Amino acid sequence: MLLKFTKMHGLGNDFMVIDLVSQHAQLSPKLVRQWSDRHFGIGFDQLLVVEPPTDPEMDFRYRIFNADGSEVEQCGNGARCFARFVIDKRLTQKQEIRVQTAGGPIVLKVRRDGQISVDMGAPRFQPADIPFQAEAEAISYPLEVAGRQLEVMAVSMGNPHCVTLVDDLDNGLVEQLGPLLEQHPRFPKRVNAGFMQIIDAHTVALRVHERGAGETLACGTGACAAAVAGIRLGRLQSPVHVRLPGGTLQIEWAGGNAPVFMTGPATRVFEGQIRV
Ligand SMILES: N[C@H](CCC[C@H](N)C(=O)O)C(=O)O
């Protein structure tokens, strides 16, 4: 059987997107790893799956698989591509789309300028919600990595993030510490490791070593986590322009239990089909 898919990206964070509303496929971590391989497969950071909702309040269910085959709770850049996909494929006529994810409900809005705004839900900081092993919730935590004493912020956007402030994003720390933070034992479900350089109160530069995918050109939930962490530290003010290697996202957050809003582009690259 031939399975149709669309190759898309959000600021260079790239995806294979498949509609399992009108198609059927049996996914496995092994198959996802085969497809994600950039030499022997299609090549992507994440696989995004569009399914009918199991919650009647929602328009769709959105499932996300990392390149390593792990199924995860949320993907911000993917959410924008999800909106572009379901509208282009005429799976919905709505311009405001309610989507069920393992990390909680999100709402996608297509703006007149073609950018997509996403209500990503409220960030969570309780260690148990990340999950992160800590005695109690704090704004930041000391964490030893490779003999270095870091100070990290831990945030859940449905998926786990740790954010570290750096003075220079090109001093080799991302390459050296990213993989070690991803696997750090105090993050029992692993973690996405963000490295943030503050430019001014409304602007940061960010690189993210993603759980299950390695460093990506952009990470939407990572941009949300970094902006929220900086606002909580009192170093940033909403809106925050997050400059990632692949481009810039706008993040807004009013604090507390308010939802985080992320705005940015979604790009379709090509249509394909693969034998399953
Ligand atoms: N690697 C992430 C999932 C993809 C997130 C990222 N691509 C985004 O845009 O939010 C995780 O394991 O939680």
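Values in this document were obtained by computation on a predicted structure and should not be read as measured data.

Caption draft 1: The arrangement of the environment of Gln23 in detail. Here Gln23 shows up in the loop between β2 (13–19) and α1 (29–36). By relative accessible area, Gln23 is classed as buried at 19%. When neighbours within four sequence positions are excluded, Gln23 is seen to be in contact with Leu2, Leu3 and Lys4. One polar contact links the side chain of Gln23 to the main-chain amide nitrogen of Lys4, over a distance of 2.8 Å. A distance of 3.0 Å separates the side chain of Gln23 from the backbone oxygen of Asp19, its partner in a polar contact.

Caption draft 2: Layout of the domain arrangement of the protein chain. Taken domain by domain, the protein chain holds domain 1 (2–117 + 265–275) and domain 2 (127–258). Contacts between the two partners involve 18 residues from domain 1 and, on the opposite side, 20 residues from domain 2. For the pair domain 1 and domain 2, the two sides together bury roughly 1300 Å², of which 48% comes from carbon and sulfur. Contact with domain 2 buries area across many residues of domain 1, yet Leu11, Glu73 and Gln74 alone supply 40% of it, more than any other trio. For the pair domain 1 and domain 2, the interface holds two salt bridges. It is helix α2 (residues 76–88) that contributes the most residues to the side of domain 1 that touches domain 2, three residues altogether. By residue class, the composition of the side of domain 1 that touches domain 2 is four nonpolar, 10 polar and four charged.

Caption draft 3: Up close: empty space enclosed by the protein. Applying the stated criterion across every chain, the model contains one cavity of 30 Å³ or more. For the largest cavity, the calculated volume is near 110 Å³. Taken together, 16 residues make up the lining of the largest cavity; nearest its centre are Gln46, Gln74, Cys75, Asn159 and Glu210. Among the secondary structure elements, those contributing two or more residues to the lining of the largest cavity are β4 (60–66), α2 and α4 (220–232). Residues lining the lining of the largest cavity come from more than one domain, with at least three contributed by each of domain 1 (2–117 + 265–275) and domain 2 (127–258).

Caption draft 4: Broad picture of the site of the ligand. The full set close to the ligand counts 15 residues, and Gly76, Glu210, Arg211, Gly220 and Thr221 are the nearest of them. One nitrogen or oxygen atom from the side chain of Asn13 is found 2.8 Å from a nitrogen atom belonging to the ligand. Here a nitrogen atom of the ligand and a side-chain polar atom of Glu210 are 2.7 Å apart. A total of 360 Å² of accessible area belongs to the ligand in isolation, and the protein chains cover 100% of it.

Caption draft 5: Representation of the pairing of strand β11 (residues 160–165) within the structure. Along β11, five of the six residues are buried, which leaves the element largely enclosed by surrounding structure. Judged from the five bridges that link them, strand β10 (residues 148–156) and β11 form a sheet pairing that is antiparallel. Each bridged residue has a counterpart across the sheet, and for Met153 the counterpart in β11 is Val163. The hairpin formed by β10 and β11 contains three residues between the paired strands, and Gly158 there has a positive phi angle of roughly 100 degrees.

Cut-off values and rules
Residues numbered from 1 in each chain as written. Predicted model: local features only at pLDDT ≥ 70, side-chain atom pairs only at ≥ 80, totals over all residues. Heavy atoms only, no water. Helix = DSSP H or I, 4+ residues; strand = E, 2+ residues; numbered from the N terminus. Buried < 20%, exposed > 50% of the residue type's maximum accessible area, 1.4 Å probe, protein only. Contact = heavy atoms within 4.5 Å. Polar contact = N/O pair within 3.5 Å; in protein donor to acceptor, adjacent residues only side chain to side chain. Domains from an automatic or database assignment. Buried area = accessible area lost by both parts, 1.4 Å probe. Salt bridge = Lys/Arg side-chain N within 4 Å of Asp/Glu carboxyl O. Nonpolar A, V, L, I, M, F, W, Y, C, P; charged D, E, K, R; others polar. 1 Å grid on protein atoms, 1.4 Å probe; cavity = no way out; pocket = protein on both sides within 12 Å on 5 of 7 lines; lining within 4 Å. Points joined across faces, edges and corners; volume = space filled by probe spheres on them. Near = heavy atom within 4 Å. Areas by Shrake-Rupley, 256 points an atom, 1.4 Å probe, with all protein chains shown as cover. Pairing = 2+ DSSP bridges.

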